[in-house]
Amino acid sequence: MPASQANSFASAGTIRGKDADLTYDPENGGTLTITVSEGKENIHNRNIIAVINDKKYRQDAKFPLQKILLLTNDEATASKSPRKVFNFEEVNATNLPQSFVDANSLSPRTVNLFSVKIEEPAFHLYVIISVGSGTGQAQQYFDDVVKPAFSAFGIQESGYEVYVTSSSTSITDFIGAVVLPRANEGRPQTILLLSGDGGVVDTLNVLLSSSRSLDYVKPVIGLVAMGTGNALANSTGLNNDLTRGLRRFFRGQTCSLPTFTATFSPGSEALIDEGRRTEPLATSSDGFGIVYGAVVCSWALHASLVADSDTTEYRKFGTARFQMAAKELLTPSDGSAPHVYKGKITLTKRNEHGEGVQQALEAQEFMYILATLVSNLEETLVISPYSRPLDGQIRLLQLGPISSADVMRILGLAFQGGGHVDDEVVSYVSIDGMRIDFDDREQDSRWRRVCVDGKIIRASRGGWVEMSKNDSTADVLDIIA
Ligand SMILES: Nc1ncnc2c1ncn2[C@@H]1O[C@H](COP(=O)(O)OP(=O)(O)OP(=O)(O)O)[C@@H](O)[C@H]1O
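The text that follows walks through the structure, step by step, so that each part is easy to find. Since the model is a prediction, treat every value here as computed from it, not as a measurement.

Re the site of the ligand
Close to the ligand lie 19 residues; Ser133, Gly134, Thr165, Gly198 and Thr228 are nearest. In this structure, an oxygen atom belonging to the ligand sits 2.9 Å away from a side-chain N or O atom of arginine 315. Relative to its unbound accessible area of 640 Å², the ligand is 77% covered by the protein chains. Residues of the shell around the ligand, tallied by class, amount to one nonpolar, 15 polar and three charged.

As structure tokens, this is what we get:
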């Protein structure tokens, strides 16, 4: 069979300028096997950002030039050369098997975005680099991977706006000053966000707490997982490949992001600057503090460990920071017993007529209260195994005043695929909302800390927090997943 008539799974082409037999196996995520005279090489789809046809190929060439944008990992090279964490390669090829090209080509949305972008630069494309996220790799990922990948698509640096964070309010400021006004003018905007959950949540909070015009066009966010937990990226599946979600940005679909509102009693404040300072919450028309979220609203052990571990010192340890802070809370180094959190919890569930029905929990002492819209708080921490990507269902996990050893055992099961929800000490239910009334005996404000998507809010003494799922009127941004 002549190479030009090769079937969809095998062909004779070239790779890096050398003649090669090419075979594509779609099983197990997809692998291209390249055989050249010197030997074999496998390229897995999970390492591929995209495959593109190079527009600059010569018309008289036998086969058009194609490019495989490849990202190979990572940590092995990093130990030898700290600068070289991300190995991006633009692999020149010709006559790749069609099924391989189809499995790695751009989504129609991206094709459209890039063609409009080149012809009409006012079509807004931004890259936000949150340099404080995770262990601080976002800038390097941009320099080593995003910039050359955009360039391979013909999008030069003048074709997009790059915004690098300089403080914890940078994303909020940028969204409020640039993205919101343009959305209100009806302009389509795409933001590639190199951050953890925080960048998405900051964007959400600005858009939801501002007034939106009738012309409002939802900005679209593509997320590259650069945070510590990356709950959104890990729960939507966009971090399933080895490109941190950049593959999904080029190939995925836009989806609405389910969200919730957490309302706080007057006097509640956000803790910032490693808990050293406070700032007021945005307020609702009736004067209550408001925070919007898309991931988690928690109290007790989870909120305490997120708060305690959010320091520059702890952040250096990546996800281990959460376990280190949990250990200190469960087995305090001064030998004291772990705190038992006191409060009254009322759940809201909708009945078949869509009416909210309230149910007060009998128990008033807890170790762990966590309501979530997502399955994974970290890549391997499956906190809510029944949650499906972007399903919009809030699920509540509850642990009573059990021993520290039992809490560690339960969290261990959560790290082993989510088996903890079948354990008899765990309550795991679907809800539409929840209210916590903090017991007046909780005098130490540390035990009234609530976590909303990583932000820590200290509720007022004897105060409350109420969280409820948002309806479609809160549909203010799309995420590529
Ligand atoms: N240049 C900067 N200076 C100070 N703070 C920054 C800077 N850049 C980002 N930040 C802050 O760092 C935090 C990073 O949050 P983000 O959620 O992106 O990552 P993370 O907390 O490591 O991950 P995750 O939320 O997924 O666990 C945010 O509060 C953000 O505002």
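What about the packing of helix α5 (residues 170-184) against helix α6 (residues 197-209)?
In a packed pair of helices, the relevant descriptors are the angle between the two axes and the axis-to-axis distance. Their axes nearest at 9 Å, the elements α5 and α6 cross at an angle of 50°. Viewed along their axes, α5 and α6 adopt a mutual orientation that is oblique. Regarding α5 and α6, the two cross each other, and that crossing is right-handed. Listed contacts from α6 to Ile171, Thr172, Ile175, Gly176 and Leu180 of α5 are Gly199, Asp202, Thr203, Val206 and Leu207. Residues that form the contact of α5 with α6 fall into these classes: five nonpolar, four polar and one charged.

Observations regarding the packing of aromatic side chains
Throughout the structure, instances matching the rule amount to 19 aromatic pairs. A ring pair is formed by tyrosine 163 and phenylalanine 174, whose centres lie 4.3 Å apart and whose planes are at 20°; its orientation type is stacked. Highlighted residues: tyrosine 163 in strand β9 (residues 161-164) and phenylalanine 174 in helix α5, separated in sequence by 11 residues. One aromatic cluster is present, formed by Phe114, Phe142, Phe150, Phe153, Tyr160, Phe249 and Phe250 through successive ring pairs. The lysine or arginine in question, arginine 212, covers the ring of tyrosine 216, its NZ or CZ lying 5.9 Å from the ring centre.

Thoughts on unusual backbone geometry
Backbone geometry at alanine 300 places phi at a positive 70°, although glycine is not the residue there. Mapping alanine 300 onto the fold places it in strand β18 (residues 296-300). For aspartate 453, which is not glycine, the phi dihedral falls at a positive 50°. Along the chain, the position of aspartate 453 falls in the loop between β28 (449-452) and β29 (455-458). Judged by relative accessible area, which is 8%, aspartate 453 ranks as buried.

What to know about the side chain of aspartate 241
Secondary-structure assignment places aspartate 241 in the loop between α7 (231-236) and α8 (246-251). Although aspartate 241 is buried, it forms no salt bridge, and the closest oppositely charged side chain is arginine 247 at an N-O distance of 4.6 Å. There is a polar contact of 2.6 Å between the side chain of aspartate 241 and the side chain of threonine 243. Not counting the four nearest positions on each side in its chain, aspartate 241 is found in contact with Arg46, Arg247 and Arg248.

Topic: the sheet that holds strand β1 (residues 10-15)
Strand order in the open sheet formed by seven strands is β4-β3-β2-β1-β7-β6-β5, and the pairing between neighbours is antiparallel. Each of the sheet's edge strands pairs with one partner strand only, and the pair in question is β4 (39-44) and β5 (48-53). Each neighbouring strand pair of the sheet contributes to a mean axis angle of 30°, computed without reference to strand direction. Here six bridges tie β1 to strand β2 (residues 18-25), and the two strands are oriented antiparallel to one another. The partner of alanine 12 across the bridge, within β2, is aspartate 21. Running over the sheet, helix α4 (residues 138-152) touches β5, β6 (65-73) and β7 (86-94) and is turned about 20° from β7.

Considerations on helix α12 (residues 404-414)
Looking at α12, one finds that the buried residues are Ser404, Val407, Ile410, Leu411 and Ala414. For α12, the angular spread of the buried residues around the axis is 120°, confining them to a single face. On the buried face of α12, the contacting elements are α9 (301-308), α11 (320-330), β22 (368-372), β24 (381-382), β25 (394-399) and β26 (426-431).

A closer look at the environment of tyrosine 368
Secondary-structure assignment places tyrosine 368 in strand β22. Exposure remark for tyrosine 368: the relative accessible area of 5% places this residue in the buried category. For tyrosine 368 and threonine 35, which are 333 residues apart along the polypeptide, the C-alpha to C-alpha distance reads 54 Å. Excluding anything up to four places from it in sequence, tyrosine 368 contacts Trp299, Ala300, Leu301, His302, Ile383, Leu397, Gln398, Leu399 and Leu411.

Some details on the nonpolar core
Core analysis: the biggest nonpolar cluster contains 94 residues, and Ile175, Phe264, Trp299, Ile345, Leu377, Met434 and Val452 have the highest contact counts within it. With seven residues, α5 is the single largest residue contributor to this core. Here this core spans two domains, and each of domain 2 (108-252) and domain 3 (260-471) adds at least three residues to it. Setting aside chain neighbours within four positions, we find isoleucine 175 in contact with Ile128, Leu180, Pro181, Ile191, Thr203, Val206 and Leu207. Grouped together as the second largest cluster of nonpolar side chains are 34 residues, Phe88, Tyr160, Val224 and Ile480 included.

Reading the values: the criteria
- Residues numbered from 1 in each chain as written.
- Predicted model: local features only at pLDDT ≥ 70, side-chain atom pairs only at ≥ 80, totals over all residues.
- Heavy atoms only, no water.
- Near = heavy atom within 4 Å.
- Polar contact = N/O pair within 3.5 Å; in protein donor to acceptor, adjacent residues only side chain to side chain.
- Areas by Shrake-Rupley, 256 points an atom, 1.4 Å probe, with all protein chains shown as cover.
- Nonpolar A, V, L, I, M, F, W, Y, C, P; charged D, E, K, R; others polar.
- Axes fitted to C-alpha atoms, helices over the stretch in contact; angles between N-to-C directions.
- Helix = DSSP H or I, 4+ residues; strand = E, 2+ residues; numbered from the N terminus.
- Parallel < 35°, antiparallel > 145°, perpendicular 65-115°, else oblique.
- Left-handed = near helix turned anticlockwise from the far one by under 90°.
- Contact = heavy atoms within 4.5 Å.
- Phe/Tyr/Trp six-rings, centres within 6.5 Å; stacked < 30°, edge-to-face > 60°.
- Lys NZ or Arg CZ within 6 Å of the ring centre and 35° of its normal.
- Buried < 20%, exposed > 50% of the residue type's maximum accessible area, 1.4 Å probe, protein only.
- Lys, Arg positive; Asp, Glu negative; His and termini not counted.
- Salt bridge = Lys/Arg side-chain N within 4 Å of Asp/Glu carboxyl O.
- Pairing = 2+ DSSP bridges.
- Arc of directions from axis to C-beta.
- Core = buried A, V, L, I, M, F, W, Y, C linked by side-chain atoms within 4.5 Å.
- Domains from an automatic or database assignment.

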